[in-house]
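Each chain is listed here by its residues.
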Amino acid sequence: MKGYVISEVEVLDEARAAEYRRLAEASIHEYGGRYLVRGSEAHVIEGEPNPRRVVIVEFLSLAAAREWYASEAYAEALRVRQTALDRQLTFVEGVIP
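Basis of the calculations
- Each chain carries its own residue numbering, running from 1 in the direction its sequence is written.
- Only residues with pLDDT of at least 70 are given local features in this predicted model, and only at 80 or more are side-chain atom pairs given and counted; all residues enter the totals for whole chains, interfaces and linings.
- Each side-chain value is worked out from all heavy atoms of the structure, with water and hydrogens disregarded.
- Helical segments are the DSSP runs of H or I of at least four residues, strand segments are the runs of E of at least two, and each set is numbered from the N terminus.
- C-alpha atoms define the radius of gyration, and 2.2 Å times the number of residues to the power 0.38 defines the globule rule.
- Only protein chains enter the area calculation, which uses a 1.4 Å probe; residues under 20% of their type maximum are buried, those over 50% are exposed, and those in between are partly exposed.
- Each accessible area is a Shrake-Rupley estimate made with a 1.4 Å probe; only the visible protein chains count as cover when residues are assessed.
- Under this rule, positive means Lys or Arg and negative means Asp or Glu; His and the chain ends count for nothing.
- Where a charge lies is defined by one atom per residue type, namely NZ (Lys), CZ (Arg), CG (Asp) and CD (Glu).
- Buried and open spaces are told apart on a 1 Å grid over the protein atoms alone, a cavity being a set of points where a 1.4 Å probe fits but cannot get out and a pocket being an open set with protein on both sides within 12 Å along at least five of seven lines. Residues with an atom within 4 Å of a point are the lining residues.
- Grid points are joined across faces, edges and corners, and a volume is the space filled by probe spheres set on the points.
- Residues were grouped as follows: Ala, Val, Leu, Ile, Met, Phe, Trp, Tyr, Cys and Pro as nonpolar; Asp, Glu, Lys and Arg as charged; and all remaining residues, including Gly, as polar.
- Pairing between strands is defined by DSSP: at least two bridges between the two strands are required.
- Angular values range over 0 to 180 degrees, each being the angle between N-to-C directions of two axes fitted as lines to C-alpha atoms, with helices fitted over their stretch in contact.
- By definition, residues are in contact when any of their heavy atoms lie within 4.5 Å.

Peer 1: Can you explain the overall build of the chain? Please cite residues and give values.
Peer 2: If you tally the helices and strands in the chain, you get three helices and four strands. Expected size for 97 residues packed as a compact globule is a radius of gyration near 13 Å; at 13 Å, the chain falls within 12% of this value. On the principal axes, the C-alpha backbone points of the chain span a range of 35 × 30 × 15 Å. By the burial criterion, 33% of the 97 residues in the chain qualify as buried. Surface exposure of the chain reaches about 6200 Å², of which carbon and sulfur atoms provide 51%. Charge separation in the chain, taken as the distance between the mean sites of 12 positive and 16 negative side-chain charges, equals 3 Å.

Okay, structure coming up:
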């Protein structure tokens, strides 16, 4: 089953966020991930409005997503993220087609 990483992001520093995106994208591709949604504005239909941007990345499996997150390839991006973005990050497993 595919694994998905869902990120709700508030940009704190645009320049640092651009650096984070560059580093994260390279590491995501290295681990077989692909963006399904990248920085899109969310249109809340039910519940409280959320000013955050949404990013969804698909990996071949939840295990692959976890490997990417813990990888050295992503470590530098994580360090940059601390001052670039405030976010909520969620990992979920897809369904069997």
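After presenting the structure, the write-up continues.
Peer 1: So what's going on with the layout of surface pockets? Which residues, and what values?
Peer 2: Computed from the structure, the largest pocket encloses a volume of approximately 250 Å³. Contributing elements (two or more residues each) for the lining of the largest pocket: strand 1 (3–11), helix 1 (14–30), strand 2 (34–41), strand 3 (53–59) and strand 4 (85–93). For the lining of the largest pocket, the per-class residue count stands at twelve nonpolar, two polar and four charged.

Peer 1: Talk me through the sheet that holds strand 1; I want residue IDs and the actual numbers.
Peer 2: Spatially, four strands are ordered 2-3-1-4 in an open sheet, and the strand pairing comes out antiparallel. The two strands at the open ends of the sheet, each matched to only one other strand, are strand 2 and strand 4. Taken pair by pair, the neighbouring strands of this sheet meet at an average axis angle of 15°, ignoring direction. Note: strand 2 against strand 3, six bridges, orientation antiparallel. Looking across to strand 3, one finds that Tyr35 is bridged to Val57. Across the sheet, helix 1 is in contact with strand 1, strand 2, strand 3 and strand 4; its angle to strand 2 comes to roughly 160°.

Peer 1: Can you explain the environment of Pro51? Please cite residues and give values.
Peer 2: With respect to the secondary-structure elements, Pro51 resides in the loop between strand 2 and strand 3. Given the relative accessible area of 77%, Pro51 is considered exposed. In this structure, the C-alpha to C-alpha distance between Pro51 and Val9, residues 42 residues apart in sequence, is 8.6 Å.

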